[in-house]
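Coordinate analysis (summary)
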Number of protein chains: 2
Amino acid sequence: MKEKKAIQDYYSKPMSQCYGCGRLNDAGLKIKSYWDGVESFASFEPKSYHIAFPGFVYGGLIASLIDCHGTGTAAAAAYQAEGREMGTEPELRFVTASIQVNYLKPTPINCILELKGKVKEMKGKKVITEVTLSAENEICAKGEIVAIRIPDNMK
Amino acid sequence: MKEKKAIQDYYSKPMSQCYGCGRLNDAGLKIKSYWDGVESFASFEPKSYHIAFPGFVYGGLIASLIDCHGTGTAAAAAYQAEGREMGTEPELRFVTASIQVNYLKPTPINCILELKGKVKEMKGKKVITEVTLSAENEICAKGEIVAIRIPDNMK
C-alpha cells in the first residue's frame, strides 16, 4: 500500500524546513506521510519526554502530528486531482488555516502512534482533511485540518 | 499585573512533567502563564528551528502554546471560582478535551510571542478558555480549548 517515498520527501528544499515534517529540519519531528491514492498513513514513535503526564502523550504533539499529516494529505490529494505526479512544478504545498482536535482518550506513550488521513472536501485552493491518531489499535484522537494552498509568490 | 509565580509553578510534581509546560520536563517548552484574576498572560520566544517555513513559526508550536496556556488558565480560574489559593489541595488540574486553532496570519519567528487567555464558560468540571497569540502587536492566531478537570484518582 505504501509508497517508498514519503509525501514530505517530494517537498522542495525551501518547503522542507518545517519543524513538524521538514526533512531538512534536524531538530524537528520529521513526520513522514504516505498516500495510497485514497488514504494517507504515518507512524510516529514519541520520545520519552513527549508526555503530558507520565505514561501519556502530550496533546500538543498529537496536534502537531495531525497538522503535518493533514497538510501532507492535502498536497498528495491535490496532485492526484490534477493528474500530476508529486514533486512536479508548480509545487502544490499547503499551510494550515485551522485545526480542530478532539482528544478521545489518553494516548499511551510506549508505542507507535498511527495516523490515517483522508480528504473530506476539496474546493479551489482549500482542502479539508480528516485525520485519526491511534495507539495500540484504538483511536485516541480525531482531527480536522483546513489546509490552504500556498500562493506561488510565497514559495 | 503579573504574579511572580506562574500558574504552572503551582502544579504538583506528578503534574509538572508536561512537555509543553512542566517545570520538571527539561526537554520541554516550559511555558509559563500568569493570571491576574481576569485574564492570563504568557510570553514565549521560539527557537530558530520552530519554523514552518523560513521566517515563520510552526503551527504545531502555536497549538502547543495555546493548549498549555488554556489549561493553565482553566486551573487558575477554577481555584478562583472556589475562593482558594492556587497550589492548595485538592489540586485542580486540567487536561484538554478539544482544541480549535484558527491561524489568521503567518506568525513571524524573530520576536516574542504573547498569549492572552480568558474563560469563556465554566460549568462543573469543564472550563472553556479562549486564547489569542500575538506577535509584534498583531493577533496571528486564536484558539479555544475545552479543558476538563482531571479526576482525583488519575493524579
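A brief look at the structure comes next. Being a predicted model, the structure only gives us computed values, none of them experimental. (Residues numbered from 1 in each chain as written. Chains lettered and ligands numbered in written order. Predicted model: local features only at pLDDT ≥ 70, side-chain atom pairs only at ≥ 80, totals over all residues.)

In this section: the interface of chain A and chain B. Taken together, the contacts link 31 residues of chain A with 31 residues of chain B. At the level of elements, β3 (51-53), α1 (59-81) and β5 (94-103) of chain A are the ones that each hand at least two residues to the side of chain A that touches chain B. Of all the elements, β5(A) adds the most residues to the side of chain A that touches chain B, at nine residues. Class assignment of the residues belonging to the side of chain A that touches chain B gives a composition of 18 nonpolar, twelve polar and one charged. Both β5(A) and strand β5 (residues 94-103) of chain B contribute to a ladder of five bridges, which runs antiparallel. Residue pairing for β5(B): Val101(A) is matched across the bridge by Ile99(B). (Contact = placed C-beta atoms within 7 Å. Helix = DSSP H or I, 4+ residues; strand = E, 2+ residues; numbered from the N terminus. Nonpolar A, V, L, I, M, F, W, Y, C, P; charged D, E, K, R; others polar. Pairing = 2+ DSSP bridges.)

Here the focus is the packing of α1(A) against helix α1 (residues 59-81) of chain B. The description of two helices packed together rests on the angle between their axes and the distance between the axes. At a minimum axis separation of 8 Å, α1(A) and α1(B) run at an interaxial angle of 150°. Viewed along their axes, α1(A) and α1(B) adopt a mutual orientation that is roughly antiparallel. Helix-helix and strand crossings are classified by hand; for α1(A) and α1(B) the assignment is right-handed. For the pair α1(A) and α1(B), contact is made by Gly59(A), Gly60(A), Ala63(A), Ser64(A) and Asp67(A) and by Gly59(B), Gly60(B), Ala63(B), Ser64(B) and Asp67(B), respectively. Its residues assigned to classes, the contact of α1(A) with α1(B) shows two nonpolar, six polar and two charged. (Axes fitted to C-alpha atoms, helices over the stretch in contact; angles between N-to-C directions. Parallel < 35°, antiparallel > 145°, perpendicular 65-115°, else oblique. Left-handed = near helix turned anticlockwise from the far one by under 90°.)

Here we come to the sheet that holds strand β2 (residues 40-44) of chain A. Two modes of strand pairing occur in sheets, parallel and antiparallel, and in both the strands are linked by backbone hydrogen bonds. Strand order in the open sheet formed by twelve strands is β1(A)-β2(A)-β6(A)-β7(A)-β8(A)-β5(A)-β5(B)-β8(B)-β7(B)-β6(B)-β2(B)-β1(B), and the pairing between neighbours is antiparallel. Looking at strand neighbours, the two that pair on one side only are β1 (33-35) of chain A together with β1 (33-35) of chain B, the edges of this open sheet. Ignoring strand direction, the axes of neighbouring strands in this sheet form an average angle of 25°. Here β1(A) pairs with β2(A) via three bridges, running antiparallel. By the bridge assignment for β2(A), Tyr34(A) is matched with Phe41(A).

Relating one copy of the chain to the other requires a rotation about an axis plus a shift along that axis. When chain A is fitted to chain B, the residual RMSD is 0.0 Å, and the transformation amounts to a turn of 180° plus an axial shift of 0.0 Å. What we have between these two chains is a two-fold relation. Using C-alpha coordinates, one finds that chain A approaches the rotation axis most closely at Gln100(A), a distance of 2.2 Å. An overlap of 100% is found between the interface residues of chain A and their copies at the interface of chain B, pointing to a shared contact surface. (Least-squares fit on C-alpha atoms with pLDDT ≥ 70 in both.)

All names here are of chain B. Examined against the element boundaries, Ser-16 turns out to sit in the segment before β1. As for Ser-16 and Lys-30, which are separated by 14 residues in sequence, their C-alpha atoms are 9.6 Å apart. Those residues in contact with Ser-16 that sit more than four places away from it in its chain are Tyr-11, Gly-22, Arg-23 and Leu-24.

Below, the discussion takes up α1(B). Residues and elements named next belong to chain B. Helix length check: α1 (23 residues) gives 32 Å between terminal C-alpha atoms against 33 Å at 1.5 Å per residue, within 8%. The element α1 is largely enclosed, with a buried count of 20 among its 23 residues. Gly-83 lies just past α1 and shows a positive phi near 65°. (Expected span 1.5 Å × (residues − 1). Buried ≥ 20, exposed ≤ 12 C-beta atoms within 10 Å, placed from the backbone.)

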